[in-house]
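Observations on the model geometry
Now for the letters of each chain:
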Amino acid sequence: MNPTPLPADSPLEPTSKPPPAPTPERQALPSRGAPRAVWAALAALYVLLFPYHPGLRSPNELCRLWQTRALVEYGTLHINQALHDYGKVGDLSVKDGKYYPSKAPLLSFAAVPLYAVLRAVGGGHRHAVPEVPLVFFSRLLLTVLPTLGLLWLVRRYLRASLEPLVADALTVTYGLGSLAFSYSLLFMSHQTTAVLLFASFYALWRCARGEWRERGYVLAGAFAGATVAAEYTGAMGVLGLVLYAVLTFAFQDAPARVRWVRLGRAAGLATLGALPFLVALMAYHQVTFGHPLTSGYKYLNDAGYQPWHLGGFLGIRTPDPRAFALSFFSPLRGLFTLAPFLLLALPGLVLVWRRRGQSSEARALAWLSVALLVGYTYFTSSFSYDSWGWTTGPRHLTGLVPFLLLPAGLFLERQRSTGQGAWALGVAALLCAVSIIATGVATFINYIPDDVSNAVGALALPLLRAGYFPPGVLTFLGLPAGLAGGVMGALLLGTAAWVFVSLARKPGQPWPAAPALGAALAVLLLLGAAHGFTSRHDTADRNAVRFLKSVWLNAPERDVTFWPRGRG
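Residues numbered from 1 in each chain as written. Predicted model: local features only at pLDDT ≥ 70, side-chain atom pairs only at ≥ 80, totals over all residues. Heavy atoms only, no water.

**Topic: helix 19 (residues 405-417)**
Between its first and last C-alpha, helix 19 extends 18 Å over 13 residues, near the 18 Å set by a 1.5 Å rise per residue. Of all the 13 residues making up helix 19, eleven are buried; the element is thus mostly covered by neighbouring parts of the structure. Those residues of helix 19 that sit buried are L405, L406, P407, A408, G409, L410, F411, L412, E413, Q415 and R416. (Helix = DSSP H or I, 4+ residues; strand = E, 2+ residues; numbered from the N terminus. Expected span 1.5 Å × (residues − 1). Buried < 20%, exposed > 50% of the residue type's maximum accessible area, 1.4 Å probe, protein only.)

Written out as structure tokens, the structure is:
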């Protein structure tokens, strides 16, 4: 049962009864979190990096922005004229001779005000907005900044259950060492889905704890509705949140009638918040594809992609062991390969489950954590692995990752508070640091061909060694690519080092113990060898490196202009 605060005029307990003494573990816990320099480094990496190469014609991004152009320039939902004026793109659907993005439409519409402003700044004509600034500002305002806001919510959420240092270190690891980093730097809907899902959960969580008024359910519903309007498969995460919301009432210590009345009111408010987005989405489907429940996946322009989305729900069928194994452990894009710190969430789920007796909300959270992990695992194991495309990691699992942070944090905190097991703490801290390095280096490239053997060892490192550093704001300001890339690399490595040192030492220790350092070094060598052995450097790897060099925006000896004059 949730604790009820005493009224202001309630009598205090007798002073003869002393308050319970804090546990030794809590006495030793540090009270400080991450220094400002760490947050500044994280924000700089988000804002300054711009891994984009126009020669790739990034279909998932440009099909949305071409619809944005069409909405402003021609007042149409279809992009036929945009394809003629600005060039061909992929990821399209076609019905009755009209082309549309095959994606859910939220990001296309969200970019309309931004495009209108850029158009006015550029001169107000049809070709006033070149492609590079359009992609840059669309990412910055619609995927990067919302993710930075999400990190603030994640930090507040984790600090409610974890000591500040662990909460902050995990927030930084999530921000730079997971799919959140990769997909906030792309104008795609995957990280947008994670932002909206967690924002909806955060509102439900605050309401369930009695910290927000009932009107918070309107906000939760709005974020949930926007999730589906951003990405159709986000509906799976929304179903998990519905389960969580229902259980927060079902587990309350109150008469059944009271619980049902409270649930009905909350459901009505959430529906009120979600309705505008769902109605708008169905209206869009009706106009474009002839039925409010028909999406563009039914009319894909490329017939080769249609089998991936037919059958089941949006292509989700029965589990395939190959899809499961590759989604989580592939050296190319396995979730645990690029972000091994998420492995800590597996034993951490046991700790979440043990906490379910603390309150009705904790009990509902335990069920939510299990349901989301099982649901997303089923999804990635049932959807065609070959359809992931040129992506960093298993992109459709992006919405799951923030919900694995609390389990991972509980495991870390338990290792820090026990008197033994310094080696285990060193390994856990090392996994967090390696996640930042591996995901960060892969994100510097962020377009990973699907026939490469290893995203880090066979693609990213060869490109970086050859001087192909990620473009970004520093590049556009005129800094040499090598210097700009060195600054970004230093920020990434420095942040990873802070995370490791902070988590590997026990409370009160100025430096990690020798067993922690030794175990961390052994695991680092093991992981490095694994990346080395799985990097084949064969013909496919060499061809991928060669091709990316040919389209690299700020390739050595190539001039880069952010906003070229004249026709865009």
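Anyway, onward from the coordinates.
**Some remarks on the pairing of strand 2 (residues 98-101)**
Here strand 1 (residues 92-95) pairs with strand 2 via four bridges, running antiparallel. When the bridges of strand 2 are listed, L92 appears paired with P101. The antiparallel pairing of strand 1 with strand 2 creates a hairpin that spans two residues between the two strands, and D96 there sits at a positive phi of about 55°. (Pairing = 2+ DSSP bridges.)

**Side note on the confidence of the model for the protein chain**
On average, the protein chain scores 90 in pLDDT, and the residues at 70 or more come to 90%. Throughout residues 1-30 the model reports pLDDT below 50, and contacts reaching past four residues in sequence, or to other chains, amount to 20 contacts. (pLDDT = per-residue confidence, 0-100. Contact = heavy atoms within 4.5 Å.)

**Quick word on the pattern of salt bridges**
The tally for this structure, following the rule as stated, stands at 13 salt bridges. E73 is the salt-bridge partner of R119, the closest N and O atoms lying 2.8 Å from each other. One end of the pair, R119, is in helix 6 (residues 112-122); the other, E73, is in helix 3 (residues 59-73), with 46 residues separating them in the sequence. The exposure class of E73 is buried, given its relative accessible area of 11%. Between D168 and R159 there is a salt bridge, with the nearest N and O atoms lying 2.8 Å from each other. When its relative accessible area of 0% is taken as the criterion, D168 is described as buried. (Salt bridge = Lys/Arg side-chain N within 4 Å of Asp/Glu carboxyl O.)

**Some words on the environment of S295**
Here S295 shows up in the loop between helix 13 (256-289) and helix 14 (306-309). A residue is classified by how much of its surface remains accessible, and S295, at 11% relative accessible area, is buried. Considering only alpha carbons, one finds S295 and A104, 191 residues apart in sequence, at a separation of 7.8 Å.

**Focus: the packing of aromatic side chains**
Inspection of the entire model under this criterion finds 31 aromatic pairs. Centre to centre, the rings of Y157 and F198 are 5.6 Å apart; their planes meet at 75°, and the pair counts as edge-to-face. Within this pair, whereas Y157 is found in helix 7 (residues 131-159), its partner F198 is found in helix 10 (residues 189-208), the two being separated by 41 residues in sequence. Assigned by exposure class, Y157 and F198 land together as buried. Measuring from centroid to centroid gives 5.9 Å for W390 and F547, while their planes differ by 85°, and the two rings are edge-to-face. (Phe/Tyr/Trp six-rings, centres within 6.5 Å; stacked < 30°, edge-to-face > 60°.)

**Topic: the environment of L430**
Position of L430 among the secondary structure elements: in helix 20 (residues 422-445). For L430, a relative accessible area of 8% corresponds to the buried category. Note: C-alpha distance between L430 and R215 (215 residues apart in sequence) is 42 Å. With near-sequence residues (within four places) excluded, L430 lies in contact with F500, A520, V523, L524 and L527.

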